[in-house]
Amino acid sequence: MICTTVRNGMECPFMTASGCGYKGGVCQAIVEACKGCGRSQEFPTGWYCTSCPDPSIKWKNGNCNLATHIVIAPAAAKAKINPLKASKRAAGK
Ligand code: SF4
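Below is a short write-up of the structure.

Cut-offs used in this document
Sequence order sets the numbering: in each chain, residues are counted from 1 along the sequence as written. Where local features are concerned, this predicted model is filtered to residues with pLDDT of at least 70; where side-chain atom pairs are given and counted, the filter is 80 or more; whole-chain, interface and lining totals use all residues. Working from all heavy atoms in the structure, the side-chain values ignore hydrogens and water. Put simply, a residue is near a molecule or strand once any heavy atom of it comes within 4 Å of that molecule or strand. Under the scheme applied, nonpolar residues are Ala, Val, Leu, Ile, Met, Phe, Trp, Tyr, Cys and Pro; charged residues are Asp, Glu, Lys and Arg; polar residues are all the others, including Gly. When two rings of Phe, Tyr or Trp (its six-membered ring) have centres within 6.5 Å they constitute a pair, described as stacked for plane angles under 30 degrees, edge-to-face for angles over 60, and tilted for the intermediate range. Buried residues are those whose accessible area, probed at 1.4 Å on protein chains only, stays under 20% of the maximum for their type, while exposed residues exceed 50% and partly exposed ones sit between those limits. Each helix is a run of DSSP H or I of at least 4 residues and each strand a run of E of at least 2, with the numbering of both proceeding from the N terminus. Two N or O atoms count as a polar contact when they lie within 3.5 Å, although within protein this holds only if one can serve as hydrogen donor and the other as acceptor, and sequence-adjacent residues are included solely when both atoms are side-chain atoms. In what follows, residue pairs with any heavy atoms lying within 4.5 Å of each other are defined as contacts. The charge count treats Lys and Arg as positive and Asp and Glu as negative. His and the chain ends do not count. Note on definitions: salt bridges are taken to be side-chain nitrogens of Lys or Arg within 4 Å of carboxyl oxygens of Asp or Glu. Think of a nonpolar core as a cluster: buried Ala, Val, Leu, Ile, Met, Phe, Trp, Tyr and Cys residues, connected wherever their side-chain atoms sit within 4.5 Å.

## Describing the site of the ligand
Then step 1. Surveying the vicinity of the ligand reveals the residues Cys 34, Cys 37, Arg 39, Ser 40, Cys 49, Pro 55, Lys 58, Trp 59, Cys 64, Leu 66, Ala 67 and His 69.
Then step 2. Split by residue class, the shell around the ligand holds eight nonpolar, two polar and two charged.

## Quick notes on the packing of aromatic side chains
Then step 1. By the definition in use, this model includes two aromatic pairs.
Then step 2. On the numbers, 6.3 Å between centres and 65° between planes, the contact of Phe 43 with Tyr 48 is edge-to-face. Comparing Phe 43 with Tyr 48 shows no difference in burial state: the two are buried.

## Notes on the side chain of Asp 54
Then step 1. Positionally, Asp 54 belongs in the loop between β4 (46–49) and α1 (55–58).
Then step 2. Looking at Asp 54, its side chain comes within polar contact range of the side chain of Ser 56, at 2.8 Å.
Then step 3. In this structure Asp 54 touches Tyr 22, Lys 23 and Gln 28, once residues within four positions along its chain are discounted.

## Re the side chain of Arg 7
Then step 1. Tracing the backbone through its elements, the reader meets Arg 7 in the segment before β1 (15–16).
Then step 2. One buried charged side chain, Arg 7, makes no salt bridge at all; its nearest oppositely charged neighbour is Glu 11, positioned 9.4 Å away.
Then step 3. Not counting residues within four places of it along the chain, the set of residues in contact with Arg 7 comprises Cys 12, Cys 27, Phe 43, Tyr 48, Cys 49, Thr 50 and Ser 51.

## Some words on the nonpolar core
Then step 1. Ranked by size, the top nonpolar core spans seven residues in total: Ile 30, Cys 34, Cys 49, Cys 52, Trp 59, Cys 64 and Ala 67.
Then step 2. Leaving out residues up to four positions away in the same chain, Ile 30 has contacts with Lys 35, Ser 40, Trp 47, Tyr 48, Cys 49 and Pro 55.
Then step 3. Residues Cys 3, Cys 12, Cys 20 and Tyr 22 belong to the second largest nonpolar core, which totals five residues.

Rendered as structure tokens:
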């Protein structure tokens, strides 16, 4: 349903005919860590996340998994080691 509270005009799964169904009845504004994210958007009521009603929850246990402004370096690929060859190499053969 279309939001009629702080993100007025946006489609939202929490919106019902009897009002916003999210806790407190409104979305929470973005947090400091959200600044620069492509999912944050300015509304007349302030800056809000277009994907999450409470951005502080997304940053509670590390980086937000939906953030567009943080780049996570892929873990260095581990070279496959043949244990038999490795033991021969260690033995100096
Ligand atoms: S997607 Fe995550 S980082 Fe981006 S605005 Fe929403 S909560 Fe903040």
